[in-house]
Amino acid sequence: MFQIQRSPEVHDVVVIGSGAGGGTVVKVLTDLGINVTLLEAGPMLNPVKDFKEHVWPYQVDHRGVGPHAEEYFGKSPWAFGYFAAPNGYWNVPGEPYTVAPDSRFRWFRSRIIGGRTNHYGRISLRFSDYDFKPYSFDGLGTDWPVSYEEMSPYYDKAEEFIGVTGTHEGLRTAPDGKFLPPIAPRVHETLIQKACQKLNLPCIPSRMAMLTKPLHGRAACHYCGQCGRGCQTASAFTSSQAMIFPAMKTGKLRIITGAMARELVTDDSGRVTAVSYVEKATRTEKQIRCRAAVVAASACESARLLLNSKSSRFPNGLANGSGMVGRNLTDTTGYDLSGFVPALAGLPRHNCDGIGGMHVYIPWWLLDDRKKDFPRGYHIEVGGGFDMPQIGFAHGEEGYGSALKSKIREQYGAWVGFSGRGEMIPNANSYCEIDPTTVDQWGIPVLRFHFRWSEHESKQVRHMHDTFAAIIEAMGGKPEKKDFPERGVDAVSIGGEIIHEAGTVRMHDDPKQGPLNRWCQAHDVNNLFVADAAPFLGNPDKNVTLSIVALAWRTAEHLAEEMRKGNV
Amino acid sequence: MSENPLSRRELLRNLGISAALAAPGARLVSAQVAQHVHEAVAQEKTAAPKGEYTPKCFTEHEFKTLQRLADLIIPADQHSPGAVQAGAAEWIDYMASNSPELAQIFTGGFGWLDHHMQQHHGVDFIEAKPEQQTAILDVIAYPKNETPENTPGIHFFGWARNLVTDAYYTSPIGIKELGYMGNSAVSEFHVPEEALRYALKRSPFA
């Protein structure tokens with residue numbers, strides 16, 4: 001058994017996790033002069049060493065396949081390819097999770113300072129007014145204790161700090177914000193806009209956390225399109241570069257990397273007094289005392305930590321009097337379709353890298369349509385253009401010789417892709433819990449996932465297919481697959497694959513309905529806060545990160561105020 | 001680049017430090033500096049020496065077979081050099097030398113090809129006439145031709161084509177052949193009118 005090493009010092013606030021939520025809390029609290037200790041399960045990020053921005057494939061001996069051809073045999077440890085920013089993994093060695101027999105779920109973990117913000121797509125969409133009141137809107141799900149009006153100033157702060165491109169459109173499904181200038185559409189994106197015009201779909205400048213102007217000491221984008229690899233100039237938002245590194249200079253932040261949180265320790269009055277963690281390098285267990293704890297370890301990891309923090313006062317896990325910790329697990333639905341567009345064949349070559357990802361997107365457009373056969377909606381992300389050729393570029397082709405070579409040249413840049421990202425309604429079959437039989441390499445009990453899409457999601461994805469095919473056809477193109485109708489729920493991405501997990505430690509004004517109050521503060525434990533997507537009541541079709549930042553900002557300000565008043 | 005006083009390492013270090021630790025308000029790095037990094041990185045690679053290649057994994061016979069296949073899959077033409085010039089065979093041999101699974105797929109495939117050619121024409125694949133070589137490729141380059149006899153050849157050729165195209169299109173020659181013009185630092189994003197007109201003229205929105 002470990003001998004636990006306890007620190008005599010009492011830290012002001014211990015934040016667990018350094019992604020979008022943890023990074024925001026660190027930034028806001030240190031700006032307010034509060035001392036923060038940040039626990040991160042992974043190592044420090046070193047952009048110079050860890051980011052492979054600007055590297056050509058031929059500058060690496062294996063060109064990105066992996067030193068032992070891992071990519072060719074499905075053994076790659078890189079979730080998004082060798083050149084992506086250190087991004088985390090579906091399978092973390094020594095850190096298993098289990099999935100119930102009737103479920104499918106994949107759990108992505110990122111163990112490094114900055115977490116998933118180092119690589120994420122940076123699509124930054126505000127939730128709409130109705131997203132905060134889904135039950136009032138259509139009778140499904142649960143209303144948030146927070147409204148859009150309350151969140152709007154925090155979206156302002158988030159956008160003004162991280163930097164988000166965009167234009168004012170006046171759409172209820174895509175609330176306007178504090179935007180940096182947009183970026184011009186690429187050629188294929190102009191064609192997509194024209195097709196959308198014909199089909200009556202809105203196709204507007206994308207809202208992305210890349211800097212089209214310098215901001216807060218971060219340089220403007222240099223348009224190499226490689227944001228997913230990590231940006232040496234920090235022109236693409238990461239919590240590591242934009243929040244945590246500057247906070248390190250304030251003298252208010254202490255970072256403990258390689259620290260895997262095991263449990264939150266409470267006293268007889270039910271307050272968190274310390275955080276117990278495994279120092280990975282030495283495999284020893286340590287405890288640091290704290291005045292307040294902010295859990296921002298990602299939705300499922302945060303639920304796991306609370307569920308594993310059991311005591312006689314909290315036999316079902318910390319802050320779990322409601323029994324709702326781990327429940328209401330949601331992910332975003334995903335469905336992709338691409339097609340070949342002859343009008344783009346042989347397109348005159350030019351540099352269309354731009355910002356990494358789309359320059360235009362399609363927000364939801366059928367909010368008021370009562371005839372469709374599924375609730376809520378989805379947005380559409382678009383792809384295409386002259387990407388840097390990579391391994392796998394021509395896989396799936398037939399033939400050989402000059403004909404093959406000419407076809408590849410002719411079709412380069414002539415494919416467009418559409419990805420639907422849709423809302424999942426929380427359901428009773430989708431949750432995570434502690435697996436009673438399995439522990440990780442440090443003896444910490446692991447999560448077991450239960451996850452099922454409902455008819456809502458499969459019908460929504462069917463609608464995506466038909467819409468994407470219609471857009472491709474309106475461009476004069478040909479969709480690449482037609483096998484959809486038979487696939488039902490199997491056509492939806494596997495739960496967890498879109499990496500937008502949310503809802504597992506939800507807010508609710510009624511302590512019986514949710515572990516957290518409207519400030520993301522535990523009803524049962526007043527010095528415990530949660531600051532990732534776990535507090536979310538739903539998972540709207542607008543990706544989670546901007547809302548994680550905005551909500552965490554609000555939570556951190558509230559915590560600071562409560563500390564000032566002596567309530568925490 | 002020789003007059004540039006900064007080495008690539010120093011450039012990267014400066015970029016990283018400024019990006020990472022500059023105080024709010026400080027200007028971090030210009031597009032020009034970022035472009036220096038791109039160029040310095042490119043310079044470093046093209047300086048690699050070229051010479052006679054000794055296969056690390058395959059026999060001389062196998063390597064020649066691979067070179068012939070690479071030439072058949074992506075030949076040189078009036079547009080650009082082909083996969084042989086782009087070093088596809090060398091890259092595949094290098095990868096196979098670090099992956100027993102890959103080595104087995106390729107040595108097995110070469111064996112299948114030679115055996116097939118011996119049975120039909122009494123010679124190994126590389127000794128066969130060009131029209132005999134393309135005759136078998138006309139079969140195994142298309143999955144629709146699968147028969148009990150052809151299936152191993154079709155599977156192998158799928159691998160060969162995937163790796164040859166990977167090697168080719170990730171090489172400087174292949175990138176130039178495609179005409180990819182990015183991976184550079186620019187201060188403004190701009191879509192050329194000519195490209196836009198080209199696509200619109202050919203689209204249903206003309």
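Conventions used here
- Per-chain numbering applies: the sequence of each chain, read as written, is numbered from 1 onward.
- Each chain takes a letter, starting from A, and each ligand takes a number, starting from 1, following the order in which they are written.
- Reporting in this predicted model follows two pLDDT cut-offs: at least 70 for local features of residues, and 80 or more for side-chain atom pairs to be given and counted; totals over whole chains, interfaces and linings ignore these cut-offs and use all residues.
- Each helix is a run of H or I in the DSSP string that is no shorter than four residues. Each strand is a run of E no shorter than two, and both are numbered from the N terminus.
- We call a residue exposed when 12 or fewer other C-beta atoms sit within 10 Å of its C-beta, buried when the count reaches 20 or more, and partly exposed for counts in between; the C-beta positions come from the backbone.
- Think of it this way: build a C-beta for each residue from its backbone, and any pair within 7 Å is a contact.
- Throughout, radius of gyration means the C-alpha value; the globule benchmark is 2.2 Å times the number of residues raised to the power 0.38.
- The split of the chain into domains comes from an automatic or database domain assignment.
- For two strands to be treated as a pair, DSSP must find no fewer than two bridges joining them.
- Lines fitted to the C-alpha atoms define the axes, with helices restricted to the stretch that makes contact. Angles between their N-to-C directions range from 0 to 180 degrees.
- Put simply, Ala, Val, Leu, Ile, Met, Phe, Trp, Tyr, Cys and Pro go in the nonpolar bin, Asp, Glu, Lys and Arg in the charged bin, and everything else, Gly too, in the polar bin.
- For every residue, the predictor assigns a confidence score, pLDDT, that lies between 0 and 100.
- Defined on buried residues, the nonpolar core groups Ala, Val, Leu, Ile, Met, Phe, Trp, Tyr and Cys residues joined through C-beta atoms within 7 Å.
- Regarding the arc, it is the one traced by the directions from the helix axis to the C-beta atoms.
- Small angles under 35 degrees read as roughly parallel and large ones over 145 as roughly antiparallel, with 65 to 115 read as roughly perpendicular and the rest as oblique.
- Left-handed is the label given to a crossing in which the near helix is rotated counterclockwise from the far helix by less than a right angle, and right-handed is the label when the rotation is clockwise.
- Residue count minus one, scaled by 1.5 Å, sets the expected span of a helix.

A. Inspection of the overall build of chain B at higher detail. For chain B, the helix and strand inventory stands at 9 helices and 0 strands. The order of α-helices and β-strands along chain B, N terminus first, is α-α-α-α-α-α-α-α-α. Scored against the burial criterion, the 206 residues of chain B give a buried share of 35%. Restricting the contact set of chain B to residue pairs at least 6 apart, pairs at least 24 apart contribute 61%.

B. Summary view of the overall build of chain A. For chain A, the helix and strand inventory stands at 10 helices and 16 strands. In terms of overall dimensions, chain A is globule-like: its C-alpha atoms have a radius of gyration of 23 Å, near the 24 Å expected for 568 residues. With respect to the three principal axes, the spread of C-alpha positions in chain A is 75 × 55 × 50 Å.

C. Structural detail: the domain arrangement of chain A. Domains assigned within chain A are domain 1 (1-47 + 92-122 + 125-162 + 237-331 + 502-568), domain 2 (52-85) and domain 3 (168-227 + 333-422 + 454-491). The gap between the C-alpha centroids of domain 1 of chain A and domain 2 of chain A is 32 Å.

D. Here's a closer look at unusual backbone geometry. Residue and element names in this part refer to chain A. Not every positive phi belongs to a glycine, and Arg376 is a case in point at roughly 60°. The topology assignment puts Arg376 in the loop between β10 (360-362) and β11 (378-384). Residue class for Arg376 comes out buried when judged on the 26 C-beta atoms lying within 10 Å of it. At Asn543, a position not held by glycine, the phi torsion is positive, near 55°. Relative to the helices and strands, Asn543 resides in the loop between β16 (528-530) and α10 (545-565). The class of Asn543 is buried, set by 24 C-beta atoms lying within 10 Å.

E. Quick peek at the sheet that holds strand β13 (residues 431-439) of chain A. Residues and elements named next belong to chain A. Read across the open sheet, the 3 strands follow the order β3-β14-β13; overall the sheet is mixed. A strand with exactly one partner marks an edge of an open sheet, and here the two such strands are β3 (98-99) and β13. Here 5 bridges tie β13 to strand β14 (residues 445-450), and the two strands are oriented antiparallel to one another. Bridge assignment links Val439 to a residue of β14, and that residue is Pro445. Running over the sheet, helix α7 (residues 299-308) touches β13 and β14 and is turned about 60° from β13.

F. Looking closely at the interface of chain A and chain B. On the chain B side, the residues contacting the 73 residues of chain A number 69 residues. Contributions of two or more residues to the side of chain A that touches chain B are made by α2 (47-50), α5 (187-199), α6 (239-248) and α8 (401-411) of chain A. No other element matches α8(A), which puts 5 residues into the side of chain A that touches chain B. Among the residues forming the side of chain A that touches chain B, the class breakdown is 39 nonpolar, 22 polar and 12 charged.

G. Focus on the sheet that holds β11(A). Residues and elements named next belong to chain A. Pairing within the open sheet is antiparallel, and its 6 strands lie in the order β4-β10-β11-β12-β9-β15. Unpaired on one side and paired on the other, β4 (204-205) and β15 (478-479) mark the two borders of the sheet. In this structure, β11 lies alongside strand β12 (residues 415-422), joined through 7 bridges in antiparallel fashion. Looking across to β12, one finds that Tyr378 is bridged to Gly422. Packing of α5 onto the sheet brings it into contact with β10, β11 and β12, and relative to β10 it is tilted by some 30°.

H. Representation of the confidence of the model for chain B in the model. When pLDDT is averaged along chain B, the result is 82; 75% of the residues meet or exceed 70. Scored by ipTM, the complex comes to 0.93, with pTM at 0.92.

I. Examining the nonpolar core more closely. All names here are of chain A. Val15, Ile16, Val25, Val26, Val275, Ala293 and Val294 are the most contacted members of the largest nonpolar core, which has 123 residues in total. When residues of this core are assigned to their parent elements, the largest contribution, 10 residues, is made by α10. Counting contributing residues, this core receives three or more from each of domain 1 (1-47 + 92-122 + 125-162 + 237-331 + 502-568) and domain 3 (168-227 + 333-422 + 454-491). Discounting chain neighbours no more than four positions away, the residues touching Val294 are Val13, Val15, Ile16, Val25, Phe529, Ala531 and Leu559.

J. View of the pairing of strand β6 (residues 259-266) of chain A. Residue and element names in this part refer to chain A. Of all 8 residues in β6, 8 are buried; the element is thus mostly enclosed. Looking at chain direction, β6 and strand β7 (residues 272-279) are connected through 7 bridges and run antiparallel. Bridge pairing links Glu263 to Ser276 in β7. Between β6 and the antiparallel strand that follows it, β7, lie 5 residues; Gly270 among them carries a positive phi value of about 90°.

K. Up close: α8(A). All names here are of chain A. Among all positions of α8, only Leu404, Lys405 and Ile408 are buried. Relative to the axis of α8, the buried residues are bounded by an arc of 95° and lie together on one face. Those residues of α8 that are exposed and angled more than 90 degrees off the buried face are Ala403 and Ser406.

L. How the structure looks around the environment of A:Leu366. Residues and elements named next belong to chain A. Along the chain, the position of Leu366 falls in the loop between β10 and β11. Overall, Leu366 belongs to the partly exposed group, with 16 C-beta atoms counted inside 10 Å. Linking Leu366 and Gly346, residues 20 residues apart in sequence, is a C-alpha distance of 36 Å. Every residue in contact with Leu366, bar those within four places of it in the chain, is listed here: Lys372 and Gly377.

M. Molecular detail of the packing of helix α4 (residues 88-97) of chain B against helix α5 (residues 100-121) of chain B. All names here are of chain B. Running from N to C, α4 and α5 point in directions that differ by 125°, and their axes come no closer than 6 Å. Judged by the inter-axis angle, α4 sits oblique to α5. From α4, Ile92, Met95 and Ala96 reach across to α5, where they touch Leu102, Ala103 and Phe106. Split by residue class, the contact of α4 with α5 holds 6 nonpolar, no polar and no charged.

N. Region of interest: the packing of α4(B) against helix α7 (residues 151-169) of chain B. Residue and element names in this part refer to chain B. For the pair α4 and α7, interaxial distance at closest approach is 9 Å and the crossing angle is 115°. Pair α4 / α7 crosses with right-handed handedness. Note on element contacts: α7 touches α4 through Leu163, Val164, Ala167 and Tyr168, opposite Ala88, Trp91 and Ile92. For the contact of α4 with α7, the class distribution of residues is 7 nonpolar, no polar and no charged.

O. Representation of helix α1 (residues 20-31) of chain A within the structure. Residues and elements named next belong to chain A. Here α1 contains 12 residues, and its C-alpha end-to-end distance of 16 Å stays within 8% of the 16 Å for a straight helix at 1.5 Å per residue. Taking burial as the measure, the 12 residues of α1 include 11 buried ones, the bulk of the element. Residues Ala20, Gly21, Gly22, Gly23, Thr24, Val25, Val26, Lys27, Val28, Leu29 and Thr30 constitute the buried set of α1. Summarising the contacts, the buried residues of α1 are in contact with β1 (5-16), β2 (36-39), α6, β5 (253-256), β8 (284-295) and α10. Following α1 by one or two positions, Gly33 adopts a phi angle in the positive range, close to 85°.

P. Inspection of the environment of B:Ala86 at higher detail. All names here are of chain B. Along the polypeptide, Ala86 turns up in the loop between α3 (60-73) and α4. Put simply, Ala86 and Val164 are 78 residues apart on the chain and 9.7 Å apart in space, counted from C-alpha to C-alpha. With near-sequence residues (within four places) excluded, Ala86 lies in contact with Pro81, Ala167, Tyr168, Ser171, Ile173 and Gly174.

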